[in-house]
Amino acid sequence: MSPHAPHPEIALAACATLGEGALWDHHTATLLWVDILEKRVMRFDPRTGRNQVLQLDTLVGTVVPTERGALLVAVREGLARLDPSTGQLSGLVTPPGHDPQKVRFNDGKCDALGRLWAGSMALDESPGQGALYSLDVSGTLQQHLSRVSISNGLAWNADSTRMYYVDTPRRIVDAFDFDLASGQISGRRTAIEFTPADGYPDGMTIDVEGLLWVAMWGGSAVLRCDPSSGRILERVAFPASHITSCAFGGPNRDTLYVTSARVGLSEEKLAREPHAGALFAWPAPVAGVPARYFRD
Ligand code: ZN
């Protein structure tokens with residue numbers, strides 16, 4: 001990172017327990033995000049500073065907008081529609097073999113044909129209990145991966161021929177060949193490998209140059225990485241250890257919104273990190289690829 005790079009600003013002093021799932025909804029020019037452990041779906045409007053909260057009664061791992069203005073959420077029990085005006089869930093789809101007593105949904109994103117991809121993890125973080133699924137427009141759910149530990153960080157390249165994926169404890173960004181028409185993945189390989197000093201990869205997004213921006217849990221940073229060489233090109237530091245997800249937003253899609261968490265930090269560490277749990281904004285040198293909407 002160049003010495004002249006700007007510092008991140010606090011967009012919202014949110015004090016989130018586990019802020020996650022940042023996604024810029026360009027239809028409304030607002031940022032969707034969640035607090036998984038506080039069971040909240042939120043919509044932040046940077047023009048007004050208002051953060052609208054939908055309080056759910058279940059753990060919510062991710063939120064995506066639909067083309068018709070509703071929301072889809074990945075909750076502890078499965079994937080469901082969320083009415084943004086009432087907060088009511090409907091049309092819950094629970095995958096076969098998904099036991100919400102042991103497993104919950106975590107991060108997810110839509111592909112270019114409007115399918116929702118979302119994965120799961122064990123509530124106690126025991127390894128290999130999660131899976132990766134997709135839900136298509138017709139409501140068909142498919143399982144693509146099993147024995148996932150903490151499913152995170154989905155992104156696709158510009159022509160949707162590649163999908164990038166994170167299973168956090170492996171400290172790796174995986175690349176897959178992606179068949180957009182059929183919605184199938186194949187050819188799993190390592191694209192980026194992190195060191196213990198980097199922290200753990202969590203959420204991620206992709207810019208118009210095809211480079212990944214990876215939020216690092218325990219790394220106080222977002223790293224810009226080249227998935228074709230595996231190299232880390234830039235490190236953006238944030239004043240919080242647990243950086244969890246990021247999304248390009250704003251009128252030119254060149255503000256990087258970054259979520260963070262307070263969970264897992266000792267009282268002593270929290271005292272030293274008063275901004276842990278904030279929603280940060282950082283003026284990026286590049287624009288992001290627009291998020292996709294669930295097709296409904
Ligand atoms: Zn995550």
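Residues numbered from 1 in each chain as written. Predicted model: local features only at pLDDT ≥ 70, side-chain atom pairs only at ≥ 80, totals over all residues. Heavy atoms only, no water.

S.K.: Can you lay out the overall build of the protein chain for me, pointing to particular residues and giving the numbers?
M.R.: Per the secondary structure count, the protein chain includes one helix and 24 strands. For the protein chain, the C-alpha radius of gyration of 17 Å lies close to 19 Å, the compact-globule estimate for 296 residues. In terms of its C-alpha atoms, the protein chain occupies a principal-axis envelope of roughly 50 × 40 × 40 Å. The buried share among the 296 residues of the protein chain stands at 55%. Looking at the protein chain alone, contacts between residues at least 24 apart form 45% of all its contacts between residues at least 6 apart. (Helix = DSSP H or I, 4+ residues; strand = E, 2+ residues; numbered from the N terminus. Rg over C-alpha atoms; globule rule 2.2 N^0.38 Å. Buried < 20%, exposed > 50% of the residue type's maximum accessible area, 1.4 Å probe, protein only. Contact = heavy atoms within 4.5 Å.)

S.K.: So what about the coordination of the zinc ion? Which residues, and what values?
M.R.: At this site the zinc ion is bound by Glu20 (OE), Glu20 (OE), Asn152 (OD1) and Asp202 (OD), with donor distances of 2.0 to 2.8 Å. Around the zinc ion sit four donor atoms; with metal-centred angles ranging over 50 to 169 degrees, the donor geometry is irregular. (Donors = N, O, S within 2.8 Å, 3.2 Å for Na, K, Ca; no water. Tetrahedral: all angles 85-135°; square planar, octahedral: opposite > 155°, others 65-115°.)

S.K.: For the pairing of strand S6 (residues 60-65), give the residues involved together with the corresponding values.
M.R.: Judged by how many residues are buried, S6 sits mostly within the fold: six of six residues are covered. Where S6 and strand S7 (residues 71-75) come together, five bridges link them in antiparallel fashion. Paired with Thr62 across the two strands is Ala74, which belongs to S7. What sits between S6 and S7 in their antiparallel hairpin is a turn of five residues, with Gly69 showing a positive phi close to 95 degrees. (Pairing = 2+ DSSP bridges.)

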